[in-house]
Amino acid sequence: MRYLPLLLLLAGAGCASWFDSPTEPPPPPPPPPPPPPPVATFRAIGTFTQPTYLAAPPGDTARVLVTERAGRVVLLKSGVQQPVPFLDLRGKISDSTENGLYSLAFHPQYATNRRFYAFYTNRNGDIRIVRYLVSANPDIADESQADTILAIPHPVAGFSLPFGNHHGGQLQFGPRDSMLYVSVGDGGCCGDPQLNGQRRKTLNGKLLRIDVSGATGYTLPADNPYATDTTYAPEIWSWGFRNPWRFSFDRQTGDLYIGDIGDAAWEEVDATPAPNAGKGVNFGWSMFEGTHCYHTPCNQSGITMPVVEYAHASNACSVTGGYVYRGTRVTQLIGHYVYADLCSGFVGSFLLAGGAATQARNWTSQLSPGSGIVSFGEDARGELHIVVYGGGVYRIVPAP
């Protein structure tokens, strides 16, 4: 019996140890908080036939115009699609392969001078920049007043016919200088066979800057970077592009953004701040595709690298440059550049700060109608629209 207290003590110690151990598994962690509610979405404004671009006359809050690849310019007036086209070039242009009507730009003084400009390929597939006037009826253009201000033959490169791609395709007026900027691709095919991106005397693979303030044609701005350098074409503003399908200026700051479509591996967005915003800048194609060596020698000296690049993964294939949002309806987007990918339907944004892309955000779940995003466009208020090649055109709006 003298051992009983010891046994009871040991038994009690053992029980205490057992009681101190958990008898049930730990409770599961609390569920993650729900995702924040969406802040933006898109709303259809109409359905079109292979739309390529959307634009609006400056200061005109009632009208937006949508270009269709075959040559029709469709007017929406107070949100209602008009039965008569604003301009109809069907049958007068080529829309085979990648040819077609690409974009419009309205002169900053459109309300008084009635001028607007179209970028398209003619029946031979050559680039034409043509000035038109609006008629006395503000809903219909006067095609009889057409003035071809710039004609660029499409490269042949030893073939019987030109390549049918890489024309570029964007027109924009500079928000600070009222000069007309024109993006021109390297001429087509693959791999820049003529090395036009780095050739100084050709207009291909370049961003051009011209003065269209005269009665007809254009003149060369005296402050173009190569206006007096005979080793360059004097129209050149920036160079080293593959196919700068879409570019834009921030309407508030004047910063320049360019979506340059890549070759087989990389897509890129280039950006340079005002006041010079791309003046004399070489963006590197075809020595570089994005930041990656493409044609040797790959010397980064004197080359401005993209602020954004992404690989051809997850079905990505072709960058669609956009705009810095300067509307008022989606406050979270204000000051951020919005762009997309044609194949994957990705929609993203970033804020340019100190020459770098910051605050990158993926908006695909909120803003993407799917694949085929071929362009963005601004209305007179700075509200953004998404153009889908399959036919839909959408306005970015706050989420309900």
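Described below are features of the structure shown in this document. This one's a predicted model, so the numbers in the text were calculated from it and none came from an experiment.

Secondary structure summary: the protein chain contains 3 helices and 27 strands in total. A principal-axis box enclosing the C-alpha atoms of the protein chain has dimensions of 120 × 55 × 40 Å. For the protein chain, with 400 residues in total, the buried portion stands at 52%. Of the roughly 17600 Å² of accessible surface on the protein chain, 57% is carried by carbon and sulfur atoms.

For the rest of this paragraph, the subject is the sheet that holds strand 17 (residues 266-272). Reading across the sheet, the 4 strands line up as 15-16-17-20 and stay open at both edges, with antiparallel pairing between neighbours. Of all the strands in the sheet, just strand 15 (246-249) and strand 20 (308-311) have a single pairing partner and so form its edges. Strand after strand, the sheet turns through a mean of 10 degrees between neighbouring axes, direction not considered. For strand 17 and strand 20, the ladder comprises 4 bridges, and the chain directions are antiparallel.

This paragraph deals with the pattern of salt bridges. Considering all chains together, one arrives at 12 salt bridges under this definition. A salt bridge links lysine 92 to glutamate 143, with the shortest nitrogen-to-oxygen separation between them at 2.6 Å. Within this pair, whereas lysine 92 is found in the loop between strand 6 (87-88) and strand 7 (101-106), its partner glutamate 143 is found in strand 10 (residues 141-152), the two being separated by 51 residues in sequence. Among the charged side chains, a network of salt bridges with common partners joins Asp60, Arg63, Lys77 and Asp139.

Moving on, we come to the packing of aromatic side chains. One pass over the full model with this rule turns up 22 aromatic pairs. Relative to phenylalanine 249, the ring of tyrosine 181 lies with its centre 4.8 Å away and its plane at 65 degrees, an arrangement referred to as edge-to-face. With tyrosine 181 in strand 12 (residues 180-184) and phenylalanine 249 in strand 15, this residue pair connects regions lying 68 residues apart in the sequence. The class of tyrosine 181 is buried, set by a relative accessible area of 3%. Taken together, the ring pairs connect Tyr257, Tyr310, Tyr337, Tyr339, Phe346 and Phe350 into an aromatic cluster. When the ring centre of tryptophan 285 is taken as reference, the NZ or CZ atom of arginine 242 above it lies at 5.8 Å.

Attention shifts here to the nonpolar core. Where a protein is soluble and globular, its nonpolar side chains tend to be buried together. The biggest cluster of nonpolar side chains holds 49 residues, and the ones touching the most others in it are Ile129 and Leu180. Apart from the residues within four sequence positions on either side, leucine 180 is in contact with Ala105, Tyr117, Ile129, Ile149, Leu171, Gln172, Phe173, Leu208, Arg209, Ile210 and Val212. The next biggest cluster of nonpolar side chains, apart from the first, holds 37 residues, and it includes Ile93, Tyr323, Val338 and Ile386.

Here we come to the sheet that holds strand 23 (residues 347-353). An order of 21-22-23-24 is seen for the 4 strands of this open sheet, with the pairing classed as antiparallel. With one partner strand each, in any of the chains shown, strand 21 (319-324) and strand 24 (356-362) form the two edges of the open sheet. Averaged over neighbouring strand pairs, the angle between their axes works out to 25 degrees when direction is ignored. In this sheet, strand 24 lies alongside strand 23 in antiparallel orientation, the contact comprising 5 bridges. Within strand 24, the position partnered with leucine 351 by the bridge is threonine 358.

Cut-offs used in this document
Residues numbered from 1 in each chain as written. Predicted model: local features only at pLDDT ≥ 70, side-chain atom pairs only at ≥ 80, totals over all residues. Heavy atoms only, no water. Helix = DSSP H or I, 4+ residues; strand = E, 2+ residues; numbered from the N terminus. Buried < 20%, exposed > 50% of the residue type's maximum accessible area, 1.4 Å probe, protein only. Areas by Shrake-Rupley, 256 points an atom, 1.4 Å probe, with all protein chains shown as cover. Pairing = 2+ DSSP bridges. Axes fitted to C-alpha atoms, helices over the stretch in contact; angles between N-to-C directions. Salt bridge = Lys/Arg side-chain N within 4 Å of Asp/Glu carboxyl O. Phe/Tyr/Trp six-rings, centres within 6.5 Å; stacked < 30°, edge-to-face > 60°. Lys NZ or Arg CZ within 6 Å of the ring centre and 35° of its normal. Core = buried A, V, L, I, M, F, W, Y, C linked by side-chain atoms within 4.5 Å. Contact = heavy atoms within 4.5 Å.

Any functional reading would require information that these geometric values do not contain.
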